Amino acid sequence: MSWLDFFRSTRKPEPASASAAKERLQIVLAHERIGRTREDFLPRLQQELVAVVARYVAIDPGKVAINLDRGGDMSTLAIEIELPGPKGAPAPQQAAAAGR
Amino acid sequence: MAQVIVVTSGKGGVGKTTTSAAIATGLAQRGKKTVVIDFDVGLRNLDLIMGVERRVVFDIVNVIQGEARLNQALIRDKRTENLSILPASQTRDKDALTKEGVAEIIEELGKDFDYILCDSPAGIEKGALLALYFADEAIIVTNPEVSSVRDSDRILGVLQSKSRRAEEKRDKVKEHLLVTRYDANRVERGEMLKLEDVREILAIPLLGVVPESESVLKASNTGTPVIMDAESVAGQAYKDAVGRFLGEELPHRFLEPEKKPGIFKRLFGGRAA
Ligand SMILES: Nc1ncnc2c1ncn2[C@@H]1O[C@H](COP(=O)(O)OP(=O)(O)OP(=O)(O)O)[C@@H](O)[C@H]1O
Ligand SMILES: [Mg+2]
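These figures come from a predicted structure and were not determined experimentally.

## Side note on the overall build of chain A
Next up, step 1: Scanning chain A for helices and strands turns up three helices and three strands.
Next up, step 2: Counting helices and strands in the order they occur from the N terminus, chain A gives α-α-α-β-β-β.
Next up, step 3: Summarising the internal contacts of chain A: among those between residues at least 6 apart in sequence, 34% fall at separations of at least 24.
Next up, step 4: Of the accessible surface of chain A, which amounts to about 8,200 Å², a share of 57% is contributed by carbon and sulfur atoms.

This is the structure we're talking about:
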């Protein structure tokens with residue numbers, strides 16, 4: 001490093017990283033605080049819906065497909081339950097429930 | 001009935017144990033009968049910071065499991081009147097702590113002491129949850145740094161939902177913000193979050209600001225709570241914080257960079273203390 005570099009390196013302008021820290025914190029905490037005050041009911045809703053169906057027909061737990069999509073403004077819950085085939089019961093049907 | 005105060009942060013290594021030792025000592029110096037409990041089971045350290053490590057015989061787990069009486073496990077501080085320490089276990093794990101066991105200990109201590117300080121372990125798992133469960137007041141130790149501020153926010157949420165006061169729907173735990181390791185020089189250069197930023201984001205009452213200070217390491221080397229070092233800025237900041245905790249109105253200090261000594265002082269003057 002030459003003596004010129006020495007002067008250059010000390011003069012490099014530093015971005016004020018503290019303001020970036022503040023901005024990032026405000027955004028992430030705004031999201032995290034929402035999750036704290038509103039209880040997340042979707043997992044329970046899903047369990048209860050499946051339990052209700054199971055009261056009417058014997059369902060194979062392996063044949064239950066659950067899709068949860070958490071969005072910013074809206075979330076969707078799609079539950080697909082395969083009911084027993086023609087040998088065991090009435091014709092196959094599919095029940096789907098959606099909740100937000 | 002004693003006041004139960006938890007010293008907590010979520011994030012590790014921000015200064016909880018340093019603060020617990022300092023505030024407990026400060027309250028005792030002010031004539032309050034104070035006991036400080038180390039909840040960091042498996043990683044006992046408060047004994048070292050308080051300088052009583054050679055006097056530990058029994059610990060909180062021994063008491064909970066009925067292997068020792070509370071009186072046998074409590075260590076009376078020899079330098080500071082009115083101050084006792086209940087050490088954590090070094091050999092067991094956090095599961096050795098039970099809510100019922102801790103409840104009994106706090107209840108019994110409550111008969112003899114004015115303040116019960118709980119030095120929380122880092123994290124939001126069992127040990128930290130037990131440390132804050134019985135709290136009436138909480139000192140949230142925060143460094144001016146993104147992950148520490150975020151974790152403090154998280155632990156505030158936990159206090160509002162998982163403490164006994166929250167469960168019993170009583171008045172909420174009283175919150176105090178203690179910003180530690182504050183480096184006014186770095187703040188001035190825009191490298192570190194300003195006090196005002198941290199206050200704005202966390203939005204809880206400010207108990208104090210403890211500057212980054214070499215005296216903290218020195219104090220831990222000798223097992224002397226830093227508040228006993230009346231010369232040091234950290235010691236003075238903790239003393240102010242104790243005063244405010246007891247209701248005094250004191251201006252916040254050490255928020256501006258120290259005046260740089262002139263060139264002559266730097267070249268020819270001795271090192272400042
Ligand atoms: N104001 C300060 N100035 C300089 N160093 C400090 C200050 N406060 C704390 N420290 C240092 O930071 C380190 C961590 O402090 P301490 O053990 O009190 O943190 P902690 O929150 O209890 O950690 P843990 O989460 O592991 O229990 C120690 O080395 C201590 O000396
Ligand atoms: Mg600690």
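## Regarding the overall build of chain B
Next up, step 1: Along chain B, the regular secondary structure elements total 13 helices and eight strands.
Next up, step 2: Here the C-alpha radius of gyration of chain B, 19 Å, is about what a compact globule of 273 residues would show, namely 19 Å.
Next up, step 3: In terms of overall dimensions, chain B has a C-alpha envelope of 65 × 40 × 35 Å along the principal axes.
Next up, step 4: Considering chain B as a whole, with its 273 residues, one finds that 53% of them fall into the buried category.
Next up, step 5: Sequence separation of at least 24 residues holds for 73% of the intrachain contacts in chain B that already meet a minimum separation of 6.

## Description of the nonpolar core
Residue and element names in this part refer to chain B.
Next up, step 1: Counting residues in hydrophobic clusters, the biggest one holds 54 residues, and the most contacted among them are Leu109 and Ile116.
Next up, step 2: Per element, the largest residue contribution to this core is five residues, and it comes from helix 7 (residues 146–162).
Next up, step 3: Discounting chain neighbours no more than four positions away, the residues touching Leu109 are Val35, Ile37, Leu70, Leu74 and Ile116.
Next up, step 4: With 34 residues, the next largest nonpolar core counts Val7, Val36, Val141 and Leu178 among its residues.

## Focus on empty space enclosed by the protein
Residues and elements named next belong to chain B.
Next up, step 1: A complete count under the given rule lists one cavity of 30 Å³ or more for this structure.
Next up, step 2: By volume, the largest cavity amounts to about 40 Å³.
Next up, step 3: Looking at the largest cavity, the residues that line it are Gly208, Val209, Ala237, Asp240, Arg244, His252, Arg253 and Phe254.
Next up, step 4: Put simply, the parts of the chain that give the lining of the largest cavity at least two residues each are strand 8 (206–211) and helix 12 (233–245).
Next up, step 5: Among the elements that take part in the lining of the largest cavity, helix 12 stands out by supplying three residues, more than any other.
Next up, step 6: Residue classes in the lining of the largest cavity are distributed as three nonpolar, two polar and three charged.

## Here we look at the side chain of A:Lys22
Next up, step 1: Following the sequence through the fold, A:Lys22 ends up in helix 2 (residues 17–37).
Next up, step 2: There is a polar contact of 3.4 Å between the side chain of A:Lys22 and the side chain of B:Asp197.
Next up, step 3: Once residues lying within four places of it in the same chain are set aside, the contact partners of A:Lys22 are B:Leu193, B:Asp197, B:Glu200 and B:Ile201.

## As for unusual backbone geometry
Residues and elements named next belong to chain B.
Next up, step 1: Even without being glycine, Asn82 reaches a positive phi, approximately 70°.
Next up, step 2: Along the chain, the position of Asn82 falls in the loop between strand 3 (75–76) and strand 4 (83–86).
Next up, step 3: One non-glycine residue, Arg181, lies in positive phi territory at about 60°.
Next up, step 4: Look at Arg181 and you get partly exposed, because its relative accessible area is 42%.

## A closer look at the interface of chain A and chain B
Next up, step 1: Counting residues at the interface gives 13 residues for chain A and 14 residues for chain B.
Next up, step 2: Linking chain A with chain B are three salt bridges.
Next up, step 3: Along the contact surface separating chain A from chain B lie seven residue pairs in polar contact (both at pLDDT 80 or more).

## What to know about the UniProt feature "domain: CobQ/CobB/MinD/ParA nucleotide binding" (unreviewed entry) in chain B
Next up, step 1: This chain's UniProt record puts "domain: CobQ/CobB/MinD/ParA nucleotide binding" (unreviewed entry) on residues 5–226 of chain B.
Next up, step 2: The span residues 5–226 of chain B is 41% helical and 18% strand by assignment, and the distance between its end C-alpha atoms comes to 19 Å.

## Section: the pattern of salt bridges
Residue and element names in this part refer to chain B.
Next up, step 1: Evaluation of the coordinates by the stated rule reveals 18 salt bridges over all chains.
Next up, step 2: When the shortest N-O distance is used, the salt bridge between Asp47 and Arg44 registers 3.2 Å. This pair shows no difference in class: Asp47 is buried, exactly as Arg44 is.

## Here's the deal with the site of ligand 1
Residues and elements named next belong to chain B.
Next up, step 1: The environment of ligand 1 is made up of 15 residues, and the closest members are Gly13, Lys16, Thr17, Thr18 and Ser213.
Next up, step 2: Here Val14 contributes a backbone N or O atom positioned 3.2 Å from an oxygen atom of ligand 1.
Next up, step 3: Between ligand 1 and the protein, one listed contact pairs an oxygen atom with a backbone N or O atom of Thr17 at 2.8 Å.
Next up, step 4: If you list the elements that add at least two residues to the shell around ligand 1, you get helix 1 (16–29) and strand 8.
Next up, step 5: When residues in the shell around ligand 1 are grouped by element, the largest group, three residues, is from helix 1.
Next up, step 6: Here the shell around ligand 1 is composed, by residue class, of five nonpolar, six polar and four charged.

## So, the sheet that holds strand 3 of chain B
Residues and elements named next belong to chain B.
Next up, step 1: Strand order in the open sheet formed by eight strands is 3-4-2-5-1-6-7-8, with mixed pairing between adjacent strands. With partners counted over all chains shown, the strands left at the sheet margins are strand 3 and strand 8, one partner each.
Next up, step 2: Across four bridges, strand 1 (residues 3–8) lies against strand 6 (residues 137–142) in parallel orientation. Residue pairing for strand 6: Ile5 is matched across the bridge by Glu137.

The rules behind these values
Residues numbered from 1 in each chain as written. Chains lettered and ligands numbered in written order. Predicted model: local features only at pLDDT ≥ 70, side-chain atom pairs only at ≥ 80, totals over all residues. Heavy atoms only, no water. Helix = DSSP H or I, 4+ residues; strand = E, 2+ residues; numbered from the N terminus. Contact = heavy atoms within 4.5 Å. Areas by Shrake-Rupley, 256 points an atom, 1.4 Å probe, with all protein chains shown as cover. Rg over C-alpha atoms; globule rule 2.2 N^0.38 Å. Buried < 20%, exposed > 50% of the residue type's maximum accessible area, 1.4 Å probe, protein only. Core = buried A, V, L, I, M, F, W, Y, C linked by side-chain atoms within 4.5 Å. 1 Å grid on protein atoms, 1.4 Å probe; cavity = no way out; pocket = protein on both sides within 12 Å on 5 of 7 lines; lining within 4 Å. Points joined across faces, edges and corners; volume = space filled by probe spheres on them. Nonpolar A, V, L, I, M, F, W, Y, C, P; charged D, E, K, R; others polar. Polar contact = N/O pair within 3.5 Å; in protein donor to acceptor, adjacent residues only side chain to side chain. Salt bridge = Lys/Arg side-chain N within 4 Å of Asp/Glu carboxyl O. UniProt positions renumbered as here; feature names shortened; annotations may be inferred. Near = heavy atom within 4 Å. Pairing = 2+ DSSP bridges.

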